[in-house]
Amino acid sequence: MSSSSSSSDHQLPKRPIPGNYGLPFFGPIKDRLDYFYNQGQAKFFSTRIQEYNSTVIRTNMPPGPFISDNPKVVALLDAVSFPVLFDMSKVEKRNVLDGTFMPSLSFFGGYRMCAFLDPSEKKHTSLKSFFLSFLASKHSEFIPLFRSCLQDMFIKVDDEMSSHKKAHLNPYCDPLCFNFMFRLFCNNKDPSDTKLGSKGPGTIDAWLALQLAPLASLGLPKFFKHIEDFLLHTFRLPSFLVKPSYNKLYDAFYDHAGPVLDKAESFGIKRDEACHNIVFLVGFNAYGGMKAWFPTLIEWVALGGEKLHRQLADEIRAVVKESGGVTFQALEKMALTKSVVYESLRMEPPVPYQYGKAKEDLVVQSHDAAYEIKKGEMIFGYQPFATNDPKVFDDPEKFRGNRFVGEEGEKLLKYVYWSNGLETEDPTVENKQCPGKNLVVLLGRVLLVEFFLRYDTFTAESKPLPGLGTSVTFTSLTKATTT
Ligand code: HEM
């Protein structure tokens, strides 16, 4: 038996993992109803932490019957036990992207996509090396391409603002995310100049909704809970409903990403498998993550208020002026802007769940105790609880824009886990950390830079969206008086 890499040096008392799975069939359904409807996610976990006086507990995770063969998990709900999920010598990541069930491969052209592969599988090495090499080759395009997409977006936001006195963010942000990724892979081709037209984001939304329905709730009035629960959580929804539109998406990449597909072949990946993987990376990994996160980032900055806006605008404008433009070096110098990006990823990690199956009997330590997990048990981490751990972060529920500024602040970065790894580590073929990690943080910074070069301050309203993410509406946008 080995000890978790997350364990601290001193020996903590051993404790059996508290919690129970209830009766077969009924236990998982009760937990599912609690999770989606009776309690909601945060309360589901916080009540169990209190009840068992432990941040490592046993519970069932949705969807359960009849989709998951085995919904039983050991849940990790603090910052120190969580990182065992990043230790590839301890956990297996095969087919666990969506947790205790695997969507039909017919959503993905019949292939298991990179994100479903364990690093011990050879195909993971070829695909991830290909992605990392592709991203490295595009480095110099990231900033100008994203700025150009952002400028198009803000023109539309401004138009709506001037005609309606308020402006929605999400309907412009979704195309921004898709256009950026499409142009990155397709030699700067605008997707609206292809057969796809403006249908890319809608196609991906429908494709994501069908495969992820077992993990979602539409937020309908409680009266509908049993109907929704039956329709979304008891059987897999069929992929044929989105097949024709998925094929169009695939064809658009196949037609316009030729040089990238050539490169994939040089990594030993078949052309069609590479293209399905590109659609998955663009649609699920990148578009899915960014469409959830960018509005959340803006929401938190809105809540930060005018003082934070002034500080950000001052920092951004001074550095851009001094550096002669928006460059990698300039972004590195923006301590507050960087910290705000990390703080938003800490407060609300865009992908809140991680899973891994114990490869061997192991011991995981929380702050207070050590727990034995048996080989083959499913380990689950609810990330918002890990990155809001009060034993690591002061006032964890409070958005502090400058939390990660300075030497002391930077020491906390190792507790920011949004990319499925520590913020102080990097994605490799040996781990499952997001290969877009540095790109995502960069895009968050450029979004804030472009925003505060354009506006002095703003106000916004937000509400949670069914599934994942936030809907943001600007209620005022004050154009920059000095730049
Ligand atoms: C805000 C945006 C993003 C978020 C929140 C995000 C988050 C994540 C997370 C949490 C994982 C690990 C999933 C797991 O195994 O449990 C992951 C994996 C992955 N992400 Fe991202 N990601 C984002 C953007 C991107 C971008 C822009 C790219 C590529 C350009 C990308 C490519 C991938 C790939 C290929 C994997 C699978 C890695 C592997 O199998 O080793 N992601 N991402």
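Calculation notes
- Each chain carries its own residue numbering, running from 1 in the written order of its sequence.
- Note on the predicted model: pLDDT of at least 70 is required for a residue's local features to be given, and 80 or more for side-chain atom pairs to be given and counted; whole-chain, interface and lining totals, by contrast, use all residues.
- Counting from the N terminus, the helices are DSSP H or I runs at least four residues long and the strands are E runs at least two residues long.
- Throughout, radius of gyration means the C-alpha value; the globule benchmark is 2.2 Å times the number of residues raised to the power 0.38.
- Comment: burial labels come from other C-beta atoms within 10 Å of the residue's own C-beta, placed from the backbone, where a count of 20 or more is buried, 12 or fewer is exposed, and between is partly exposed.
- Remark: residues whose backbone-derived C-beta atoms lie within 7 Å of one another are considered to be in contact.
- We treat two strands as partners when DSSP finds at least two bridges between them.
- UniProt positions are given in the numbering used here, feature names are shortened, and annotations may be inferred rather than shown by experiment.
- To estimate how far a helix should extend, the number of its residues minus one is multiplied by 1.5 Å.
- The arc in question is traced by the directions running from the helix axis to the C-beta atoms.
- What makes a nonpolar core is a set of buried Ala, Val, Leu, Ile, Met, Phe, Trp, Tyr and Cys residues, with links drawn between C-beta atoms within 7 Å.
- Whether a residue is near a molecule or strand depends on its C-beta atom, generated from backbone atoms, being within 6 Å of that molecule or strand.
- Three classes are used: nonpolar for Ala, Val, Leu, Ile, Met, Phe, Trp, Tyr, Cys and Pro, charged for Asp, Glu, Lys and Arg, and polar for all others, with Gly counted as polar.

Naming follows an unreviewed UniProt entry, where the chain appears as Allene oxide synthase of Turnera subulata.

Here we take up the overall build of the chain. Each helix and strand counted, the chain has 15 helices and eleven strands in total. Taking 2.2 N^0.38 as the reference for a compact globule, 483 residues should give roughly 23 Å; the C-alpha atoms of the chain span a radius of gyration of 22 Å, in line with that estimate. Principal axes of the C-alpha set define a box for the chain whose edges measure 60 × 50 × 50 Å. The 483 residues of the chain split such that 43% are buried. Taking the contacts inside the chain whose residues are at least 6 apart along the sequence as the reference set, 73% of them involve residues at least 24 apart.

A word on the sheet that holds strand β9 (residues 378-382). What holds strands together in a sheet is hydrogen bonding between their backbones, with the strands either parallel or antiparallel. Strand order in the open sheet made by the five strands is β2-β3-β9-β6-β4, with mixed pairing throughout. Each edge of the open sheet is held by one strand with a lone partner, namely β2 (56-60) and β4 (91-92). Pairing geometry for strand β3 (residues 72-76) and β9, over three bridges, is parallel. Across the sheet, residue Leu76 finds its bridge partner in β9, namely Gly381.

Both strand β5 (residues 167-168) and strand β11 (residues 470-479) contribute to a ladder of two bridges, which runs antiparallel. Bridged to Ala167 within β11 is Phe474.

With respect to the helices and strands, the residue Tyr52 is situated in helix α2 (residues 41-52). For Tyr52, a count of 17 C-beta atoms within 10 Å gives the class partly exposed. Along the sequence, Tyr52 and Gly19 sit 33 residues apart, while their C-alpha atoms lie 6.7 Å from each other. Leave out the neighbours within four places in its chain, and Tyr52 touches Pro18, Gly19 and Ile57.

On to the UniProt feature "binding site: heme" (unreviewed entry) in the chain, then. Feature annotation in UniProt assigns "binding site: heme" (unreviewed entry) to the following positions: Cys434. Its place among the elements puts Cys434 in the loop between α14 (406-411) and α15 (437-454). Aside from chain neighbours lying at most four places away, what touches Cys434 is Ser419, Asn420 and Pro427.

Pairing is antiparallel across the open sheet formed by three strands, whose spatial order is β5-β11-β10. Both edges of this open sheet fall to β5 and β10 (455-464), since each of them pairs with a single strand only.

A separate point is helix α8 (residues 243-256). Spanning 14 residues, α8 covers 20 Å between terminal C-alpha atoms, matching the ideal 20 Å at 1.5 Å per step. The complete set of buried residues in α8 reads Tyr246, Leu249, Ala252, Phe253 and His256. Considered in projection along α8, the buried side chains sweep an arc of 115° and stay on one side of the axis. The secondary structure elements touched by the buried residues of α8 are α5 (170-185), α6 (200-212) and α10 (271-323).

Structurally, Asn38 can be placed in helix α1 (residues 26-38). With 184 residues separating them along the chain, Asn38 and Lys222 place their C-alpha atoms 8.6 Å apart.

Membership of the largest hydrophobic core comes to 122 residues, with the highest contact counts inside it found for Ala75, Met181, Phe185, Phe253, Ile278, Val282 and Ile379. Of all the elements, α10 adds the most residues to this core, at 24 residues. Apart from the residues lying within four places of it in its own chain, the contact partners of Phe185 are Phe253, Ala257, Val260, Ile278 and Val282.

Moving on, we come to the pairing of strand β6 (residues 353-358). Sheet topology note: the β4/β6 ladder contains two bridges and is antiparallel. Bridge pairing in β6 links Val91 to Ala358.

Moving on, we come to the site of the ligand. Around the ligand, the surrounding shell holds 25 residues, and the nearest of these are Ala286, Gly289, Asn420, Cys434 and Gly436. Only α3 (122-137), α10 and α15 provide two or more residues apiece to the shell around the ligand. The dominant element in the shell around the ligand, judged by the number of residues it contributes, is α10, at six residues. Per-class residue counts for the shell around the ligand are 16 nonpolar, six polar and three charged.

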